[in-house]
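What the coordinates show
Listed below are the residues making up each chain.
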Amino acid sequence: MQSEWACRTATSKDYPELARLETTAFTQLGVKYYPLIDIQVALGSLDGLSLPLIEEGHYFVLTNKPGKIIASGGWSQAKPSYESHYSFSVDLEVQREASVRCVYVDPEFSGQGYAKIIMQKVEENAKLLGISRLKLLSSKTAFYLYRSVGFIEEKDCDIQLSNGNSITLHQMHKWIF
C-alpha cells in the first residue's frame, strides 16, 4: 500500500478539496447511522474542518498517485466548541492533551486502512511534540476505527442540533506516551 499513496501536511490551498471530502465522507458514510437532515445540520453547526485548524500545521492528508486527497485528519490543542458542553474525564497526571479532529476518508477508499494510516501519523506527530493524551468525539461511523487503534470510550454524548434533533457521539481518549 505504501507505494499507492503519499502523506504530507495539509496547506491552506488544500482547503476546498478537504471541505468537499468532509461533506462527502460524513454524508455518504454517516447516512447508515444518522438521518440525512441531521448530517446536513451537523455539518453546518459543529466544529468541523477550518483554515485555522489546517494552519496549525498538525493536519495531514493522504494522496493517491494522481494527487487526489483520499484521507485526512489531524490534532489541535485549541478547544473545540463542543468541549464547553461535555467534559472529558480529567486525570491529574495529564501533562499535555489534544483533540483529534476531522478524520475523513473518501468513501471510494473507505475500508482500505487509510484512516489507520492517518491516525498513526496524528499520534506520531502529537507524541513528537509532547502530547501525552489524545481525546475525541467519534461519530457512530468511526467508533470502531478509533477502538481498533486503542481509543477507550468514556461515555456517549447527545449533541443538540439547531433543528431540535440530537445525534449521539462517543467521547473517547488514548494515552500516547
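One can find the structure itself at the top, above this paragraph.
In this report, the structure presented in the accompanying data block is examined. Everything numeric in this text was worked out from a predicted model, so none of it was measured.

Quantified by volume, the largest pocket comes out at close to 910 Å³. Lining the largest pocket are 40 residues, with Val103, Tyr104, Ser139, Ala142 and Tyr146 sitting closest to its centre. Here the lining of the largest pocket takes 6 residues from strand β4 (residues 97-105), the largest share from any one element. The residue inventory of the lining of the largest pocket, partitioned by class, reads 25 nonpolar, 9 polar and 6 charged.

Between its first and last C-alpha atoms helix α1 (residues 15-30) spans 21 Å; for 16 residues at 1.5 Å apiece the expected length is 22 Å, and the two agree. Within α1 the residues assigned to the buried category are Leu18, Leu21, Glu22, Ala25, Phe26 and Gly30. Across the axial projection of α1, the buried residues extend over an arc of 110 degrees, all falling on one side. Looking at the packing, one finds that the buried side of α1 touches α2 (36-45), α3 (51-55), β2 (59-64), β3 (69-76) and β4.

So, about the pairing of strand β6 (residues 152-160). For a regular strand, side-chain orientation follows a simple rule: the groups alternate between the two sheet faces. With 8 bridges connecting them, β6 and strand β7 (residues 166-175) associate as antiparallel partners. For Ile152, the partnering residue across the bridge sits in β7 and is His173.

This paragraph deals with the nonpolar core. Counting 29 residues, the largest nonpolar core has Leu62, Val100, Tyr114, Leu134, Tyr146 and Phe151 as the members making the most contacts within it. When contributions to this core are tallied by element, the ones reaching two or more residues are β2, β3, β4, α4 (114-128), β5 (133-138) and α5 (143-148). When residues of this core are assigned to their parent elements, the largest contribution, 7 residues, is made by α4. Those residues in contact with Leu62 that lie beyond four places of it in its chain are Trp5, Ala6, Cys7, Lys68, Ile69, Ile70, Ala71, Tyr114, Ile117 and Ile118.

If you trace the 7 strands from one edge of the open sheet to the other, you get β1-β2-β3-β4-β5-β7-β6, paired in mixed fashion. Across the chains shown, the open sheet's two edge strands, defined by having one partner strand only, are β1 (5-9) and β6. Averaged over neighbouring strand pairs, the angle between their axes works out to 25 degrees when direction is ignored. Its contacts with the sheet put α4 on β1, β2, β3, β4, β5 and β7, and the angle it makes with β3 is roughly 30 degrees.

Another point: the pairing of β7. In terms of residue burial, β7 counts as a mostly covered element, since 7 of its 10 residues are buried. Of the pairings in the sheet, the one linking β5 to β7 comprises 6 bridges and is antiparallel in character. Looking across to β7, one finds that Ser138 is bridged to His170. Connecting β6 to the antiparallel partner β7 that follows it, the hairpin turn spans 5 residues, and Gly164 within it adopts a positive phi of roughly 90 degrees.

The next subject is the environment of Ser166. Positionally, Ser166 belongs in strand β7. What makes Ser166 partly exposed here is its relative accessible area of 34%. In the structure, Ser166 is positioned 128 residues away from Asp38 in sequence and 7.7 Å away in space, judged by C-alpha atoms.

Turn by turn, an α-helix covers 3.6 residues, leaving residues three or four places apart pointing in a common direction. For α2, the set of buried residues is Asp38, Ile39, Val41 and Ala42. All buried residues of α2 fall inside an arc of 165 degrees around its axis, so they share one side.

What follows deals with unusual backbone geometry. Although it is not a glycine, Cys102 adopts a positive phi angle of roughly 55 degrees. Its place among the elements puts Cys102 in strand β4.

Parameters and conventions
- Residues numbered from 1 in each chain as written.
- Predicted model: local features only at pLDDT ≥ 70, side-chain atom pairs only at ≥ 80, totals over all residues.
- Heavy atoms only, no water.
- 1 Å grid on protein atoms, 1.4 Å probe; cavity = no way out; pocket = protein on both sides within 12 Å on 5 of 7 lines; lining within 4 Å.
- Points joined across faces, edges and corners; volume = space filled by probe spheres on them.
- Helix = DSSP H or I, 4+ residues; strand = E, 2+ residues; numbered from the N terminus.
- Nonpolar A, V, L, I, M, F, W, Y, C, P; charged D, E, K, R; others polar.
- Expected span 1.5 Å × (residues − 1).
- Buried < 20%, exposed > 50% of the residue type's maximum accessible area, 1.4 Å probe, protein only.
- Arc of directions from axis to C-beta.
- Contact = heavy atoms within 4.5 Å.
- Pairing = 2+ DSSP bridges.
- Core = buried A, V, L, I, M, F, W, Y, C linked by side-chain atoms within 4.5 Å.
- Axes fitted to C-alpha atoms, helices over the stretch in contact; angles between N-to-C directions.

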